[in-house]
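Summary of structural features
This is what each chain is made of:
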Amino acid sequence: MKKKYIKLSIITMVAVLFAACDSSYDAPTGEPNHSSVESSLKNSGNTVQVNGSFYLYDFSRGVKSRAWELTADATNLEGEELLSSTDQRLDVIFTVPGEKVVKLHQVFNDSVYVNDGFIDGNEVATEFTITVLDSVRANFVAEHVLDNTELNNANGALNEVQAGREVKYMDLSTGEPTNVKWILTREDGNQVTTEAKNGEAVVKISGVGVYDLAMVSSSDFGRDTLVYTDYLNIVPSTDPMILEYVKAMDGKLYLKYGRDVLNPSTCPVSAFTLQVTNDGQDYPVEVSSIALDSTDPSVIVLTLDELIYNTDEILVSYDDAIGTLISADAMVIDSFDDEMADFVRKDLFVETGYDGTVENSENSNWPYAWWGGEWGEYNQGNNVTTSMAYEGLKSLYFNMNTNGGAILDYRTDAGVKLNTVPVVEGKTYEGSFMVYIDEIGTEDCNFLWMLPNNGWATMMGVYFNGTETTGQWYKVTTRYEASASEDLGFVIRGHNPTATGPLKIYIDNMKFEELEFRP
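1. Overview of the overall build of the chain
Along the backbone of the chain there are one helix and 42 strands. Rg of the C-alpha trace for the chain: 31 Å, well past the compact-globule value of 24 Å for 519 residues, more than 25% over. Each of the 519 residues in the chain was classed as buried or not, and the buried ones make up 46%. Long-range pairs, those at least 24 residues apart, make up 70% of the contacts in the chain between residues at least 6 apart in sequence. With the model as given, the accessible surface of the chain reaches about 25500 Å², and the carbon-plus-sulfur share is 47%. Considering the chain, the positive charge centre built from 35 side chains and the negative charge centre built from 79 side chains are found 3 Å apart.

2. Some details on the packing of aromatic side chains
Summed over all chains, the structure comprises 27 aromatic pairs. Pairing phenylalanine 140 with tyrosine 169 gives two aromatic rings, centres 6.0 Å apart and planes at 50 degrees, and the pair type is tilted. Here phenylalanine 140 is found in strand 13 (residues 140–144), whereas its partner tyrosine 169 is found in strand 15 (residues 166–171), with 29 residues between them in sequence. Ring centres of tyrosine 397 and tyrosine 506 lie 4.7 Å apart, and the angle between their planes is 35 degrees; this geometry places the pair in the tilted category. A residue pair is termed long-range when its members are at least 10 positions apart, and tyrosine 397 in strand 33 (residues 395–400) and tyrosine 506 in strand 42 (residues 503–514) qualify at 109 residues. Of the residues examined, tyrosine 506 reaches a relative accessible area of 10% and is grouped as buried.

3. A look at the sheet that holds strand 8 (residues 89–94)
Think of a sheet as strands paired side by side through backbone hydrogen bonds, with each pair either parallel or antiparallel. Pairing in this open sheet of four strands is antiparallel, and the strands run 2-4-8-6 from one edge to the other. Unpaired on one side and paired on the other, strand 2 (37–39) and strand 6 (74–75) mark the two borders of the sheet. Here strand 4 (residues 53–58) runs beside strand 8; their pairing, made up of five bridges, is antiparallel. Opposite serine 53, over in strand 8, you have isoleucine 93 as the bridge partner.

4. What to know about the confidence of the model for the chain
The pLDDT averaged across the chain works out to 87; a share of 91% of its residues lies at or above 70. Below a pLDDT of 50 lies the segment residues 1–29, which in the model reaches 56 contacts outside its immediate sequence neighbourhood of four places, other chains included.

5. Focus: the pattern of salt bridges
Per the stated rule, a full pass over the model turns up 19 salt bridges. Where glutamate 513 meets arginine 345, a salt bridge forms, and the shortest distance between an N and an O atom there is 3.5 Å. Of the two residues, glutamate 513 is situated in strand 42 and arginine 345 in the loop between strand 31 (342–343) and helix 1 (348–352); the sequence distance between them amounts to 168 residues. Assessed through its relative accessible area of 5%, glutamate 513 is described here as buried. Judged by relative accessible area, which is 18%, arginine 345 ranks as buried. One salt bridge connects arginine 411 with aspartate 409, and the closest N-O pair in it is separated by 3.2 Å. Linked by salt bridges that have partners in common, Arg345, Glu430 and Glu513 make up one network.

6. Considerations on the nonpolar core
In globular proteins that are soluble, nonpolar side chains generally tend to be buried together. In this structure, Trp366, Phe398, Ile492, Met510 and Phe512 are the most contacted members of the largest nonpolar core, which totals 40 residues. Not counting residues up to four positions away in its chain, the partners in contact with methionine 510 are Asp347, Phe349, Asp355, Gly356, Val358, Trp366, Leu396, Ser432, Phe433, Trp449 and Ile492. Within the second largest apolar cluster, 27 residues are counted, among which are Tyr257, Ile300, Phe336 and Ala341.

7. Some thoughts on unusual backbone geometry
Working note: non-glycine residues mostly have negative phi, and peptide bonds are mostly trans. The phi dihedral of asparagine 46 is positive, around 55 degrees, even though this residue is not glycine. For asparagine 46, the position within the fold is in the loop between strand 2 and strand 3 (47–49). Residue class for asparagine 46 comes out buried when judged on its relative accessible area of 5%. Positive phi outside glycine occurs at aspartate 338, with the angle close to 55 degrees.

8. Here's the deal with the side chain of serine 361
Here serine 361 lies in the loop between helix 1 and strand 32 (384–385). Of the polar contacts made by the side chain of serine 361, one reaches the side chain of tryptophan 366; its length is 3.0 Å. Setting aside chain neighbours within four positions, we find serine 361 in contact with Asp355, Trp366, Val384, Lys394 and Tyr410.

9. Examining the environment of leucine 213
In this structure, leucine 213 sits in strand 19 (residues 209–218). Separated by 28 residues in sequence, leucine 213 and threonine 185 have C-alpha atoms that sit 6.5 Å apart.

10. Here's the deal with the pairing of strand 19
Burial of strand 19 is extensive: nine of the 10 residues sit out of reach of the surface. Across eight bridges, the pairing between strand 16 (residues 179–186) and strand 19 is antiparallel. Following the sheet pairing, tryptophan 182 is matched in strand 19 by methionine 215. Pairing of strand 19 with strand 20 (residues 223–235), which is carried by nine bridges, proceeds in the antiparallel orientation. Residue valine 216 lies in a different strand from strand 20, and its bridge partner there is threonine 225. Between strand 19 and strand 20, which pair antiparallel in sequence order, lie four residues.

11. Some points on the sheet that holds strand 36 (residues 428–439)
Read across the open sheet, the five strands follow the order 32-33-42-36-39; overall the sheet is antiparallel. What marks the edges here is a single partner per strand, and that holds for strand 32 and strand 39 (473–481). Judged from the nine bridges that link them, strand 36 and strand 42 form a sheet pairing that is antiparallel. Within strand 42, the position partnered with methionine 434 by the bridge is aspartate 508.

12. Some details on the environment of aspartate 230
Along the chain, aspartate 230 turns up in strand 20. Accessibility expressed as a relative area gives 36% for aspartate 230, which makes it partly exposed. Once the C-alpha coordinates of aspartate 230 and asparagine 155 are considered, the two residues, 75 residues apart in sequence, prove to be 6.1 Å apart. Apart from the residues within four sequence positions on either side, aspartate 230 is in contact with Gly156, Ala157, Leu158, Val210, Tyr211 and Asp212.

13. Quick notes on the environment of threonine 303
Note on placement: threonine 303 falls in strand 27 (residues 299–304). Threonine 303 sits 12 residues away from alanine 291 along the chain, and the two C-alpha atoms are 8.2 Å apart. Threonine 303 has contacts with Lys252, Glu286, Val287, Ser288 and Ser289, leaving out every residue within four places of it along the chain.

The rules behind each value
- In this convention, every chain numbers its residues from 1, walking through the sequence in written order.
- Totals for whole chains, interfaces and linings use every residue, but because this is a predicted model, local features are given only for residues with pLDDT of at least 70 and side-chain atom pairs only at 80 or more, for both listing and counting.
- No hydrogens and no water enter the side-chain calculation; it runs on all heavy atoms of the structure.
- Counting from the N terminus, the helices are the DSSP runs of H or I reaching at least four residues and the strands are the DSSP runs of E reaching at least two.
- Our radius of gyration is a C-alpha quantity, and the globule rule it is checked against amounts to 2.2 Å times the number of residues to the power 0.38.
- The classification of residues rests on relative accessible area computed with a 1.4 Å probe and restricted to protein chains. Under 20% of the type maximum is buried, over 50% is exposed, and intermediate values are partly exposed.
- The contact criterion used throughout is that any non-hydrogen atoms of two residues lie within 4.5 Å.
- Each accessible area is a Shrake-Rupley result for a 1.4 Å probe, and residues are judged covered by the shown protein chains and nothing else.
- Only four residue types enter the tally: Lys and Arg on the positive side, Asp and Glu on the negative side, with His and both chain ends excluded.
- By convention, the charge on Lys lies at NZ, on Arg at CZ, on Asp at CG and on Glu at CD.
- Side-chain rings of Phe, Tyr and Trp, where Trp is taken by its six-membered ring, are said to pair if the distance between their centres is within 6.5 Å; with planes under 30 degrees apart they count as stacked, over 60 as edge-to-face, and otherwise as tilted.
- Only strands that DSSP links by at least two bridges are regarded as paired with each other.
- The quantity known as pLDDT measures the predictor's confidence residue by residue, on a range of 0 to 100.
- Salt bridges are counted wherever a side-chain nitrogen of Lys or Arg sits within 4 Å of a carboxyl oxygen of Asp or Glu.
- For this analysis, a nonpolar core means a set of buried residues of the types Ala, Val, Leu, Ile, Met, Phe, Trp, Tyr and Cys, connected via side-chain atoms within 4.5 Å.
- Definition of a polar contact: a pair of N or O atoms within 3.5 Å, with one able to donate and the other able to accept a hydrogen when the atoms are protein atoms, and with sequence-neighbouring residues admitted only if both atoms are side-chain atoms.

Below, the structure written as structure tokens:
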């Protein structure tokens with residue numbers, strides 16, 4: 001959840017002191033008269049937490065007199081009431097949250113330079129609006145997803161939840177925290193940590209036992225932790241065991257269930273069968289051993305007797321007539337057929353720090369690349385959003401005008417371009433991302449990765465023609481065969497050249513993965 005309000009308003013009023021003037025112009029001489037005020041809050045959007053100190057400093061030249069005026073809840077650093085001041089530097093603490101106005105009236109020796117030019121007169125009045133946030137105080141409500149009944153927030157509440165069932169936690173913290181998470185800890189130290197997304201988190205615990213809860217709410221201005229001991233009592237479930245996913249990684253298969261599994265190594269390996277194909281050809285691969293994952297007791301690990309490659313298509317089946325798998329709360333696991341394994345591949349974006357998930361990005365990390373013309377016809381400077389995400393909290397949003405486009409690259413917080421990954425000659429890579437189309441015209445438009453060190457001739461991405469399904473996430477992929485070992489450059493380019501309307505899309509989970517082919 002991100003709610004950051006950045007508000008700075010400056011109202012300048014000039015008292016005209018001349019009853020009449022002639023048409024001639026006299027260049028200013030003597031001491032310059034220039035209005036300039038700096039704030040210690042300029043890097044935080046003129047935002048401060050209640051009871052936090054800040055300063056305003058009058059750097060103006062040629063000031064004859066100045067007068068600051070503040071609201072009734074302002075104090076100096078010693079806690080004394082501060083309604084007015086004539087000091088050059090104004091140190092302030094606001095003791096009540098809300099929007100505060102600090103007024104400054106300056107009288108200069110002569111005509112004064114303000115912003116971009118001289119004004120008629122020698123008096124300037126300026127107002128600064130400061131957003132004062134309340135202290136961060138963690139608070140929440142929680143409810144059972146199944147029937148929306150509310151949990152009791154108290155020490156020793158022992159709210160009873162069946163293993164594998166969902167509880168929704170809803171943030172009620174004050175002080176507009178930008179990061180909120182819930183940490184549930186069992187007596188044996190096992191932890192489940194979940195971050196809020198748009199102020200909510202749905203949590204499912206796979207293991208029975210009693211859990212303490214800690215909620216941590218934080219922002220750039222403060223942090224608070226709320227703790228309840230013996231908050232949840234996770235009890236055995238009567239629900240069937242649900243297979244949530246099958247992943248292939250490091251030559252093994254990982255089967256994730258909604259609840260903990262009891263000693264799967266006693267199950268005969270013949271209860272599992274695999275169908276492995278690659279480029280239309282079948283390959284014989286069998287399960288050689290079954291074990292419980294060492295870090296997650298709800299995951300079964302299948303070790304295989306042959307190598308697998310991340311371009312394989314693997315279907316996994318389990319027959320409960322041959323073997324027996326049971327949950328830790330004594331529920332028998334049913335048979336399943338042809339579950340597709342999803343490979344976890346080496347992602348070069350992750351290894352090089354390219355933020356393909358957008359989770360660590362702000363708008364400043366994705367600047368416009370200044371191609372000019374149609375390439376600037378998009379929502380430049382406002383591409384990182386929390387309004388829609390495939391996973392996590394953020395995605396990239398593009399609103400490209402009709403006959404417009406977009407061009408941008410990824411940069412570090414220091415402004416250094418971070419848009420290259422190392423590739424090896426002869427290897428093949430897959431670029432992919434999740435896309436959500438909000439609005440699309442009826443003609444040609446596209447979203448591409450362009451590769452500048454290949455003379456811009458090589459592009460990877462997806463072309464839209466207006467027939468695509470809107471309102472849902474789907475994955476697009478493209479491949480790149482490296483003709484040389486080099487640092488491959490990336491520039492994101494969107495183009496909406498002949499469309500009948502704007503192209504509005506969200507992009508998330510960008511990946512660039514090395515592919516493995518069978519010999």
